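Letter by letter, the chains look like this.
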Amino acid sequence: MLTIVHELADIKEKFPLLQASIRTVEFIVQILLSKARVMSTLIFVLYYFDAQNNLWREFIHPVEICIFCRSSFLIQGSEIGVARVPVHFYSRMKQLDVSITELSLDMLLYVIGKLNLAGPFAVKTSVIFSNCCKVENQSGLDLVCHFYDNQDVSITRKQCSTVVFRHTLVDQPPEASHVSIQLAEQGAYLTSPICFSLLSPRAVAWRTRIMSLQDSKSYPGPFVVVDIPGRKEDGMSIVVSPLLRIHNETKFSLELRFRRPQQNADQSASVLLKSGDIIDDSVAAFDAKSSHGGLKKALMSVTVGNFLLSFRPIIVEDLRSAEKSLLGEWSDDIKGGKPVVISGLFDKLSYKVRRAFYVDSMRCSFNTAHCSFKYDHGQMSDLHFLIRSIIRDIPVIQPENYGDVPGNRESPVALQQQKEIFLLPPVRVLNLLQEEIHVLLTDRDPCAAIVSKNIANQATIPCGSTVDFYVNPATIYFLVTLTAYNSSCKPVDTGHSLKKLGKKKNEVHYVDIDLVFGAKYFASLRLSRGLQGTLEASIFTSYTLKNDTDLSLFCFAPNQKPLSRGEAEKLDFRIPPEFGSFLPPKSTKSWFMKYNKVHLKLLEGKAKEVLLDLDTLSGLTEIGLEVEERSGVKYIAKLGVSLGPFLSEENVSSQLVSIVPRYVLVNESEEAVTVRQCYLEDDMAGLFTISSKQKMALMMQSGISKRKEIIIFDKFVRKHRNAYDDSLMYIQFRLNGDGWGWSGPVCVASLGRFFLKFRRSSHFPLQQSNQVNAHGNNSTEFAAVHVVEESSTLVLLFQKPSDVNLPYRIENGLHQNFITYYQKEFQGSLEPENLGCGSAVDYVWDDMTLPHRLVVQINGMNLLREINLDKVRSWKPFYKVSHQRGLRFHLPLDKNLRETEKASFGESISMQMVNVGYEVFANGPTRVLRFCEFRDRHKQDISFHLSGKIRFRISHFSITLLEHSKKEVDASEPSGFTPLIVTRLGNINLDSVLTDKYSQNKISVQSLSVDQKWVGAPFAAMLRRHHSDYGNTNDNILQVVAVLVSSSSNVKQVKYLSVILQPVDLNLDEETLMRLVTFWRTSLSDSNTQRQQYYFDHFEIHPIKIIASFLPGDSYSSYSSLQEMLRSLIHSVIKIPAVKRMSVELNGVLVTHALISIRELIIKCAQHYSWYAMRAIYIAKGSPLLPPAFASVFDDLASSALDVFFDPSSILVNLPGLTAGTFKLISKCIDGKGFFGTKRYLGDLGKTMKTAGSNMLYAAVTEISDSVLKGAEASGFNGMVIGFHQGILKLAMEPSLLGTAFIEGGPDRKIILDHDPGVDELYIEGYLQAMLDTLYKQEYLRVRVVDNQVILKNLPPNSSLVEEIMDCVKGFLVSKALLKGDPSTSQPLRHLRGDSEWKIGPTVLTLCEHLFVSFAIRFLRKQADKLMAKFKWKGNLRGDDHINSSASTHPGQKGKLFCKWGIAKFVFSGIVAYIDGRLCRGIPNPVARRIVSGFMLSFLDKNDNE
């Protein structure tokens, strides 16, 4: 048995945390001469300690473990055991069950953090240890607590503190749990002590005596209420509160008057209660000891609860009207008894009550009171107040004494009422508009009667402010005025809303009313009850636009005409809301329009507008605003758009739309740098300088890029890019100094840290390019650009020098030779770099977009080698015999090397040079390239391990999350738990093969399900395997394959890691997520701490296909702050709609040669999958928007990455040998020269490839079949054969047909109309679509009619069929008079072309041409026959005799032989026709092309003699 305990400082005892128990059922050991075996059966169980209930609970339930271990020995001089595995380990578990509660999770994470395995984590230590207790003092006096072992704590008034005991409550005497409390005033007076036990949860009250510390006098003291909550999941706590508390929640200072019911008003006690202050009866009891007569009686009546209360406000100067003074009267007395019901809308709205006590037996009531004020001229005005009373019955029980014997002291002596009174404003108005408003509240229609205005019913409210109104809440009229535009809304009568609420049976938490300011702009008024019961009126709009850019934006509705800059200047940029919203830089405006589709544009002459649908916006997106300058240069202002909740005290359905620059450049260095955009026609375009510590938004120029797409894959994905795709936008940096060149390009949309190299030009006088020194080139400087994501903004941080190590380092360990090196394909004008003997230098790529390969030459060896610096590899010889015919040329950039001594290649390579080699190894985050001889090579980071096999089996594994039971149970009994969700995994297999170099591991899970177990769950399972028609349920749902390299280096090497997850069904509902969020724990570890580095030679996560369903839920008052934050994220930020069985495709990722930590890998994968999850949400909402695009997340740490989707359960993936190699197969197919970085593909690559392949096949078959049919119609069977040849000839002559079919899937055609269809666009479009669907049945064929043109998209990849469809469409357009032509004719348009007049000259020329071609073909054929006649094919004669003899002996096989012969001739004719087409493609002269084609096809004509 193993028990993990924790020892705190200054604590006498050790606190138990976890306890593991292992019991051996069977243990057998067999030892022979050549082997040994161990067989054992164990029972394992893990407990955690519940300190609140003083018991051990099961964490891992008892599990039976069967273990078999075999070890073979190698006997010297014998062959026994040579072929066996030295060590074989096998383990099996039938069922493993784990139960997790919040306490067990906290305890496990606490142990992990203390052992430095991970974390630390933010856990609830108060529930882990039994010596923590929270003490809260809610009284107006100081609290003194006396604990066991002479431990005293003093807590000031209205404060709380956590007490750490010097002992535990486990296995201690009963008095160890006793606590004694006293109230104190200035250290001179104390109340009599009240003793109770922490192990008895309850609420008790007892009246105390006030004792003087200076003498023996005592006075009647207050009642003290002590609460020991029974909610043990929050830990132990003590709450000390008075019997009566009065809160002033108004903006006035109130004068309170207390008196006994039998006393007159003159015999009363008055006290001034300022705004926000609290008074309680304990203070009154201490004040009464020095009072006399009626005042003392009045104060003592407060302590026993037998009093009358009245109040009046004190009006301060700034609230008074023009009159000189206001005389206030006392309010009516507040009495106990039955509460008065408030009528009107106030009573219909339900409210959320903030729990003031820890019991459920409290009663809450509301009442109103008013104070009348009289002006000097005699006018009366009333101020109404809302009074909220919370009452609960507390048993009065005699306190415990240490020496008492338990008996009747637990029986209550009496019941006392504990009261809490809140004096509140009846109505609170919150202005959430971005404009100043004036609000008038009356009890009658302001348009129909003259309304008296006073300080209680009107106020001007600035933006974001709150004003309290002291009016009668029974009947209210609202009148709101926008002061900036002097525009008032129509008066709102709350009585109309009252009639609507009367028809609803369920609770109504709020009601929304439209505020109509004009014909085109609106706002909303939400009426609800606050936490204290006040009627809260929030004035807001559905969306608020915030411009955080340096640009001036104009927003307008889709049905409006945008204002020009001149028109806006005439209005002094104070644009009325009906025309839209003008957003200056760094401003915020409310969107008053009823349409939530917003057009955005810059106030420039030729600026294009962009449509932004606010209702379909989820989380983050990006837009591009294009502006054309007078010079014709177009710029695109990329803006990031984020959606979030409008931060306010009231929870309203208003959302904040923030518009920020998409790309921001920050210069964190101490010097200014010059920046430009790459790959533009003008290299000097977009050139600007950014100063030190300056922050600047990037404006990208829209021009023709000089960057070419390298491989066909780039063309393949071009159709899936946005119109303003900036994944290929790059910028360059240059230091502001003489001779410095440009750095390599940096992609603005790639996340990560990218290193830059700056080199001086060779023309700079201080540069010595030919010098080789011990430290490399001394005129090179390095910097870094760290691209981080902040909301919807990508921030490019330019750092010089870099705050991290450089990614590469080159070491020259040779003793006599220096090395020369440069980056492959780098076309810069700078000369190669040199590194002297025994030197080392840091290295950064000149151009990160070029292949990460270094071209190296060693002095004295006329041989160039390409070295991949990203790939870690062991020592490899620089020269190989097989490479003797390799690259025997000098560096193209090194002019001096051409004048070296010319010697034969064989003489330059000596035996010593054969031992020269290089190696690449990782040292922390840096890859090191080291040149050395074989004897000086870096010691291989491979440690020896005994070979062995490990097999681990678990038949059933379950993890149950338990939540506290909500059923009422006895507080003295241990709290119960109910299951929330159960995760089940079936048939878990772990197979490992250990060698001296590698460790090959495979983990497979056959079944996986996450079931909901709480009562009322809407789904049976949250997660389970998706059942498809072609899926096999016996296949593994999850498979992980890992090949680890045994290494003693500080960088752990992973040669291969692959994760495959089959398609799953994911069913989520909001209520389950709210229950799960209570298990969330955050890590407190420092993100800047150096992490363990891993080198992944091959890392892949296959695509994930999810069939998702989501069910939104309601909000509850019991939600914690974390739950409310998650709910706000779901409904206000992401706005996840209700979906049912929607297919979500998460692209897989393949990364090669990555040097990364596990934390970085997890973060980058989370960024990768979050983008595709947000994309799926946009698709579910039918939105054309997409999340902000990124080019890559792995380019800074890996050699290459592939980002594609294909169905993980498709037949191709399940083929043997392709399951783990599908990613590699795809990467090989799309790989090309210069391939580097991330390749992304949006969409199902498998379906697209199938479609492309079928399009190619369709194009080839239809072209050939059309030619065959035309030939058959013209010349019968011979024409059919000739047509087949012509079809193949056409494919050979025009291979672009197949290429177009593969890349584009079919051509598009446009028909320019002679007449505009006008309002008949939809009719023309619908008729053409229906006609083509009926006639040609092409699934993807689409017709669009836009203005004066007809667009046919996705036509079939067949030229004849395309022409036929075009003729059909044109015929219809001619019949509708949209195209010029004769609508009465029935002939196609291609037959209506006018034939040219007959002329004798062209006719004779054509006839001569035909005769010349015919004679040339005949002459060539005769010469070919003469040449072929010289060679007799004896094999043919024997073959014919064999056929005849076979036919005579086996007549039944004659048909089969002729069939085979015919097929062979058919295939041969196709090959000849294809060769003919390939030859004719290279012959430009049409006459020569006809001669060659006729000569080739003449071999296929039949002779009459045959």
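Residues numbered from 1 in each chain as written. Predicted model: local features only at pLDDT ≥ 70, side-chain atom pairs only at ≥ 80, totals over all residues. Heavy atoms only, no water.

Colleague: Mind laying out the overall build of the protein, listing which residues take part and the relevant values?
Modeller: Within the protein one finds 23 helices and 78 strands. For the protein, the proportion of its 1506 residues judged to be buried stands at 47%. Pairs at least 24 apart in sequence give 67% of the contacts found in the protein among residues at least 6 apart. About 76900 Å² of surface is accessible on the protein, with carbon and sulfur atoms providing 54% of the total. (Helix = DSSP H or I, 4+ residues; strand = E, 2+ residues; numbered from the N terminus. Buried < 20%, exposed > 50% of the residue type's maximum accessible area, 1.4 Å probe, protein only. Contact = heavy atoms within 4.5 Å. Areas by Shrake-Rupley, 256 points an atom, 1.4 Å probe, with all protein chains shown as cover.)

Colleague: Can you lay out the nonpolar core for me, pointing to particular residues and giving the numbers?
Modeller: Nonpolar side chains tend toward joint burial in soluble globular proteins. Phe-733, Ile-810 and Phe-931 are the most contacted members of the largest nonpolar core, which has 126 residues in total. If we ignore the near neighbours within four places in the chain, the residues touching Phe-931 are Ile-810, Glu-811, Asn-812, Gly-813, Leu-814, Ile-819, Val-856, Ile-858, Ile-867, Phe-878, Gly-917 and Tyr-918. (Core = buried A, V, L, I, M, F, W, Y, C linked by side-chain atoms within 4.5 Å.)

Colleague: Give me the packing of aromatic side chains: which residues, what numbers.
Modeller: Under the defined criterion, the tally for this structure stands at 23 aromatic pairs. Ring centres of Tyr-821 and Tyr-843 lie 5.8 Å apart, and the angle between their planes is 75 degrees; this geometry places the pair in the edge-to-face category. With Tyr-821 in strand β55 (residues 819-823) and Tyr-843 in strand β57 (residues 840-843), the pair connects residues that are 22 residues apart, well separated along the chain. Tyr-843 matches Tyr-821 in its accessibility class, with the two residues each being buried. When the ring of Tyr-1327 is compared with that of Phe-1372, the centres are 4.6 Å apart and the planes differ by 15 degrees; the resulting orientation is stacked. Here Tyr-1327, found in helix α18 (residues 1321-1336), pairs with Phe-1372, found in helix α19 (residues 1359-1375); they are 45 residues apart in sequence, far enough to count as distant. Here the aromatic residues Phe-252, Phe-311, Phe-385 and Tyr-470 are joined through ring pairs into a cluster of three or more. Here the guanidinium or amino end of Arg-529 rests over the ring plane of Phe-366, the centre of that ring lying 4.9 Å away. The ring centre of Phe-878 lies 5.9 Å from the NZ or CZ of Arg-865, which sits over that ring. (Phe/Tyr/Trp six-rings, centres within 6.5 Å; stacked < 30°, edge-to-face > 60°. Lys NZ or Arg CZ within 6 Å of the ring centre and 35° of its normal.)

Colleague: If you had to explain the sheet that holds β57 to someone new, which residues and values would you point to?
Modeller: The sheet built from five strands is open, its strands ordered β57-β54-β62-β61-β60 with mixed pairing. At either margin of the open sheet sits one strand with a lone partner, and together these are β57 and β60 (873-877). Sheet twist, expressed as the mean angle between neighbouring strand axes with direction ignored, is 20 degrees. Taken together, the four bridges between strand β54 (residues 808-812) and β57 define a ladder with antiparallel strand orientation. Counterpart to Arg-809 in the pairing with β57 is Asp-842. (Pairing = 2+ DSSP bridges. Axes fitted to C-alpha atoms, helices over the stretch in contact; angles between N-to-C directions.)

Colleague: Let's hear about the sheet that holds strand β78 (residues 1349-1353): which residues, and what values?
Modeller: Here we have three strands laid out as an open sheet, ordered β76-β78-β77, and antiparallel in their pairing. Edge positions in the sheet fall to β76 (1309-1312) and β77 (1342-1346), since each has one partner strand and no second. For this sheet the average axis-to-axis angle between neighbouring strands, irrespective of direction, equals 15 degrees. In this structure, β76 lies alongside β78, joined through four bridges in antiparallel fashion. When the bridges of β78 are listed, Arg-1309 appears paired with Leu-1352. Sheet strands touched by α18: β77 and β78. Its angle to β77, the strand with the most contacts, is close to 165 degrees.

Colleague: Got a sec to walk through the confidence of the model for the protein? Specific residues and values, please.
Modeller: In the predicted model, the protein carries a mean pLDDT of 77, and 73% of its residues have values of at least 70. Within the protein, strand β44 (residues 663-667) carries the highest mean pLDDT (94), whereas helix α9 (residues 905-908) carries the lowest (42). Across residues 402-409, confidence stays below pLDDT 50; counting only partners more than four residues off in sequence or on other chains, it has six contacts. Counting interchain partners and residues more than four positions distant, the pLDDT-below-50 stretch residues 1211-1220 has 14 contacts. (pLDDT = per-residue confidence, 0-100.)

Colleague: How would you sum up a nonpolar patch on the surface? Please name residues and give values.
Modeller: A surface patch of nonpolar side chains, amounting to about 340 Å² of accessible area, comprises Phe-27, Val-29 and Ile-31. Within the secondary structure layout, Val-29 lies in strand β2 (residues 15-31). By relative accessible area, Val-29 is classed as partly exposed at 45%. (Patch = residues over 30% accessible without salt bridge, like charges linked within 9 Å, V, L, I, M, F, W, Y side chains within 5 Å. Salt bridge = Lys/Arg side-chain N within 4 Å of Asp/Glu carboxyl O.)

Colleague: So what's going on with the pairing of strand β73 (residues 1148-1157)? Which residues, and what values?
Modeller: When you tally the buried positions in β73, you get ten out of ten residues, the bulk of the element. Inspection of the sheet shows strand β70 (residues 1093-1101) paired to β73 by eight bridges, in the antiparallel sense. The partner of Tyr-1094 across the bridge, within β73, is Ile-1156. With five bridges joining them, β73 and strand β74 (residues 1200-1205) adopt antiparallel strand pairing. Residue pairing in the sheet places Val-1149 in a bridge with Asp-1203 of β74.

Colleague: Describe the pattern of salt bridges, listing the residues and the values that go with them.
Modeller: Using the criterion set out here, one finds 33 salt bridges in the structure. In this structure, a network of salt bridges that share partners links the residues Arg-809, Glu-811, Asp-842, Glu-919 and Arg-930.

Colleague: Give a description of the side chain of Thr-820 that names residues and reports values.
Modeller: Along the chain, Thr-820 falls in strand β55. Among the residues examined, Thr-820 registers a relative accessible area of 4% and is labelled buried. Among the polar contacts made by the side chain of Thr-820, one reaches the side chain of Asn-834 at a distance of 2.9 Å. (Polar contact = N/O pair within 3.5 Å; in protein donor to acceptor, adjacent residues only side chain to side chain.)

Colleague: Account for unusual backbone geometry, naming residues and giving values.
Modeller: Residue Pro-801 is bonded to the preceding Lys-800 through a cis peptide linkage, with omega at 0 degrees. We note that Ser-791 has phi near 60 degrees; this positive angle belongs to a residue other than glycine. Within the secondary structure layout, Ser-791 lies in the loop between β52 (780-790) and β53 (793-799). Residue classification places Ser-791 among the partly exposed residues on the basis of a relative accessible area of 44%. Here the phi dihedral of Glu-825 falls at roughly 65 degrees; this positive angle occurs in a residue that is not glycine. The residue Glu-825 is located in the loop between β55 and β56 (833-835) in this model.

Colleague: So what's going on with the environment of Lys-490? Residues and values would help.
Modeller: If you trace the backbone, Lys-490 turns up in the loop between β30 (487-488) and β31 (492-493). Setting aside chain neighbours within four positions, we find Lys-490 in contact with Phe-478 and Val-516.

Colleague: I'd like a rundown of helix α12 (residues 1121-1134), residues and numbers included.
Modeller: Spanning 14 residues, α12 covers 18 Å between terminal C-alpha atoms, matching the ideal 20 Å at 1.5 Å per step. Every buried residue of α12 is listed here: Gln-1123, Arg-1127, Ile-1130, Ser-1132, Val-1133 and Ile-1134. Close packing links the buried residues of α12 with β42 (634-645), β43 (655-661), α11 (1070-1076), β71 (1104-1111) and α13 (1158-1180). Just past α12, the residue Lys-1135 takes up positive phi, approximately 55 degrees. (Expected span 1.5 Å × (residues − 1).)

Colleague: With reference to specific residues and values, describe the environment of Arg-245.
Modeller: Looking at the secondary structure, you find Arg-245 in strand β16 (residues 244-248). Remark: the alpha-carbon pair of Arg-245 and Gln-138, spanning 107 residues in sequence, is separated by 9.4 Å. A distance of 3.5 Å separates polar atoms of two side chains, one belonging to Arg-245 and the other to Glu-420.

Colleague: Could you give me a rundown of the pairing of β53, with the residues and numbers involved?
Modeller: Of all seven residues in β53, seven are buried; the element is thus mostly enclosed. Inspection of the sheet shows β44 paired to β53 by five bridges, in the parallel sense. The residue of β53 that forms the bridge with Val-664 is Val-795. Here β52 runs beside β53; their pairing, made up of seven bridges, is antiparallel. Counted as the bridge partner of Val-788 is Val-795 from β53. Between β52 and β53, which pair antiparallel and follow one another directly, the connecting turn spans two residues, one of which, Ser-791, has a positive phi of 60 degrees.

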